[in-house]
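The residues making up each chain are set out below.
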Amino acid sequence: MPGKTLFDKVWDAHVVADLGEGYALLHVDRNLLHDLSGANALDALEMRGADVRAPNLHLAVPDHAISSSPGRTALSLPRSARTLPRLKAIAEKHGIRYIDINDRDQGIVHVIGPELGFTLPGTLITCGDSHTSTHGALGALAFGIGSTEIVHVLATQTLVQRQPDTMRVRFDGALGTGVTPKDMILHLIGQVGAAGGNGCAVEYCGPAIDALDIEGRLTVCNMSIEFGAKVGMIAPDDKVLAYLQSRDYAPSGALWDQAASHWQHLKSDDNADFANDVSVDARAISPQITWGTSPAQTIAVEDPVPDPAVAPPGVAREAWADALNYMAVAPGKPLEGLTIDRVFIGSCTNGRLSDLQSAAEIVRGRSVADHVSAWVVPGSQKVKREAEALGLDRVFTDAGFEWREPGCSMCVAVNGDMVAPEERAISTTNRNFVGRQGPRARTHLASPAMAAAAAIAGHITDVRKFDHH
């Protein structure tokens, strides 16, 4: 009999009732609420005359629609002035902890969950945000849910879900110089396509995954959704235990010992069967950059932009042609050397301390090109404090970057932070869809190191050509 995958073990532990035909009623251990959907969900709950079933299993935090300008308040933007007081009042009324805009724990939901130890191995985590898969880096089963599902979780602490197929992605070998976790996941998405994950629960493994620190794993799991997967998970190891010990919401004392011994068994059995298997040679990955309007439209920085005329079977040539047209890039030519207008370093993908450190290494002692507007937006107040304690804020501001307040900022452009029409931006975010960073904005996704190098050069450049000092 085949063994069980990590995903199966965590799923099975959360089944309250088997509903047949692949559906189950699952217990939800943790739910995160943010300012775009949190208050609406709580309002909808009240309209049904229901109460929050387990207030201590939820956290509410503003991140999406808030200003990232220094000195910002809840009232800095019309949208946050509407949503924040409402979310605060209704969350507190129901006994849910609300982390205010300038609270020391504030930040992007998917940055603060792990940071606070609210995210734990083997837990089932939901949030009304597609990048909830991020939390799987700690061995959690985490996925985004819709508005009515949020209401269901608030009222019952359960959720009806169909069990997805499993997929294993193995990264063999070691990463080369200048290649980061962001490049690993972009390379994978480029290989398998935007639908390659097909609703699966993906487990990442292999020597190149084992070698990553926790923040790197969070980046990989974050973008699982960008190739159509529902869940991204990595089995918890000693690095995860070391990362979580003494976090605010993590267990302590005898409970920690009990939890840690349980977590050590959270891994796929040697004879577990996966519905799909993919393997990637980490040694063959170069720094990546997207050329089009989907994260799947990515190439190694040294490669030419592909030509729709030679698109592989199953790829819509018109879609490629439309993407080239929207991005104003030419097939057959490299992206290297293309002039840029903006650089954005931040987001739930790449707004952690190690991301800012890798960008600062490139920036130190240099200056942002005159025509480029460059921002750094830490993923949380904790990241911001730690970066400032290391003097990274000065490294960036001395070079001509803006150092801003934590939030989603320019990733999602619902907060006043936008790329202007037809401006070309290098962004460390997770999506380069049409209009994602503002109407007619042209976004190239890349790692923090690649974004930093472009800010200094004034154009797209290969970070490996930069001399590290």
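Residues numbered from 1 in each chain as written. Predicted model: local features only at pLDDT ≥ 70, side-chain atom pairs only at ≥ 80, totals over all residues. Heavy atoms only, no water.

A. Molecular detail of the overall build of the chain. Along its length, the chain carries 16 helices and 19 strands. Relative to its length of 469 residues, the chain is compact, with a C-alpha radius of gyration of 21 Å against a globular reference of 23 Å. C-alpha extents for the chain along the principal axes are approximately 55 × 55 × 45 Å. Split into buried and exposed, the 469 residues of the chain put 60% on the buried side. Of the roughly 17,500 Å² of accessible surface on the chain, a fraction of 50% belongs to carbon and sulfur atoms. Mean positive and mean negative side-chain charge positions of the chain (41 and 55 charges, respectively) differ by 3 Å. (Helix = DSSP H or I, 4+ residues; strand = E, 2+ residues; numbered from the N terminus. Rg over C-alpha atoms; globule rule 2.2 N^0.38 Å. Buried < 20%, exposed > 50% of the residue type's maximum accessible area, 1.4 Å probe, protein only. Areas by Shrake-Rupley, 256 points an atom, 1.4 Å probe, with all protein chains shown as cover. Lys, Arg positive; Asp, Glu negative; His and termini not counted. Charge placed at Lys NZ, Arg CZ, Asp CG, Glu CD.)

B. Focus on the nonpolar core. Membership of the largest hydrophobic core comes to 78 residues, with the highest contact counts inside it found for L42, F171 and Y204. If one sorts the elements of this core by residue count, helix 6 (residues 181-192) sits on top with five residues. Excluding residues that lie within four positions of it along the chain, L42 makes contacts with L33, V52, L87, I90, A91, H94, I96 and L154. Within the second largest apolar cluster, 53 residues are counted, among which are A311, M327, V395 and V463. (Core = buried A, V, L, I, M, F, W, Y, C linked by side-chain atoms within 4.5 Å. Contact = heavy atoms within 4.5 Å.)

C. Quick peek at the sheet that holds strand 6 (residues 124-127). Taken in spatial order, the five strands make up an open sheet running 5-4-3-6-7, and their pairing is parallel. The open sheet has two edge strands with one neighbour each: strand 5 (97-98) and strand 7 (141-144). Helix-sheet contacts for helix 5 (residues 147-156) involve strand 3 (30-34), strand 4 (58-61) and strand 6, and the interaxial angle to strand 3 is about 130°. (Pairing = 2+ DSSP bridges. Axes fitted to C-alpha atoms, helices over the stretch in contact; angles between N-to-C directions.)

D. Spatial organisation of the packing of aromatic side chains. For the structure shown, the criterion picks out six aromatic pairs. Judged by centre distance (5.6 Å) and plane angle (40°), the ring pair of F7 and W11 falls under tilted. Placement of both F7 and W11 in helix 1 (residues 6-13) is noted, with a separation of four residues, approximately one turn of the helix. Its relative accessible area of 4% is what places F7 among the buried residues. Overall, W11 belongs to the buried group, its relative accessible area being 3%. Site record: aromatic cluster; members linked through ring pairs are F396, F401 and W403. Taking NZ or CZ as reference, K230 lies 4.6 Å from the ring centre of F143, over its face. The ring of W375 is capped by R404, whose NZ or CZ atom sits 3.7 Å from the centre of that ring. (Phe/Tyr/Trp six-rings, centres within 6.5 Å; stacked < 30°, edge-to-face > 60°. Lys NZ or Arg CZ within 6 Å of the ring centre and 35° of its normal.)

E. The side chain of H135, seen in detail. Assignment of secondary structure puts H135 in the loop between strand 6 and strand 7. Side-chain polar atoms of H135 contact the side chain of H110, separated by 2.9 Å. Setting aside residues no more than four positions away along its own chain, H135 makes contact with L32, V109, H110, G113, P114, T119, I125, A140 and A142. (Polar contact = N/O pair within 3.5 Å; in protein donor to acceptor, adjacent residues only side chain to side chain.)

F. Fine view of the sheet that holds strand 11 (residues 231-233). Taken together, the four strands give an open sheet; going across it, the order is 11-10-9-12, and neighbouring strands pair in parallel fashion. The outermost strands of the open sheet, each flanked by one partner alone, are strand 11 and strand 12 (276-281). Direction aside, the axes of adjacent strands within the sheet are offset by 20° on average. By the bridge criterion, six bridges tie strand 9 (residues 166-172) to strand 12 in an arrangement that is parallel. The residue bridging R168 from the neighbouring strand is D277, located in strand 12.

G. Highlighting the packing of helix 13 (residues 353-363) against helix 15 (residues 392-399). At a closest axis distance of 10 Å, the pairing of helix 13 and helix 15 adopts a crossing angle of 45°. The angle between helix 13 and helix 15 falls in the class oblique. Helix 15 is crossed by helix 13, and the crossing has left-handed handedness. Counted together, L353, L356, Q357, A359, A360 and V363 of helix 13 and L392, V395, F396 and A399 of helix 15 form the full contact between these two elements. (Parallel < 35°, antiparallel > 145°, perpendicular 65-115°, else oblique. Left-handed = near helix turned anticlockwise from the far one by under 90°.)

H. A look at a nonpolar patch on the surface. Together, L19, Y23 and V160 make up a nonpolar patch on the protein surface, roughly 250 Å² of accessible area in all. Relative to the assigned elements, L19 resides in strand 1 (residues 15-20). Residue classification places L19 among the partly exposed residues on the basis of a relative accessible area of 46%. (Patch = residues over 30% accessible without salt bridge, like charges linked within 9 Å, V, L, I, M, F, W, Y side chains within 5 Å. Salt bridge = Lys/Arg side-chain N within 4 Å of Asp/Glu carboxyl O.)

I. Representation of unusual backbone geometry. One non-glycine residue, E21, lies in the positive phi region at around 55°. Structurally, E21 can be placed in the loop between strand 1 and strand 2 (23-27). E21 gets classed as exposed once you look at its relative accessible area, which sits at 73%. Its identity is not glycine, yet S347 carries a phi of approximately 90°, on the positive side. For S347, the position within the fold is in helix 12 (residues 347-350). Under the relative-accessibility criterion, S347 is labelled buried at 1%.

J. Focus on the pairing of strand 19 (residues 442-445). Of the two faces of strand 19, the one holding R442 and H444 and the one holding T443 and L445 are both buried throughout. Summarising the sheet, strand 18 (residues 424-427) and strand 19 pair through four bridges and their orientation is parallel. If you follow S427 over to strand 19, its bridge partner there is L445.

K. Examining the environment of N271 more closely. Tracing the chain through its elements places N271 in the loop between helix 10 (253-263) and strand 12. Residue class for N271 comes out partly exposed when judged on its relative accessible area of 44%. Sequence separation between N271 and G3 is 268 residues, and the spatial gap between their C-alpha atoms is 5.0 Å. Beyond its immediate stretch of four places on either side in the chain, N271 contacts M1, P2 and G3.

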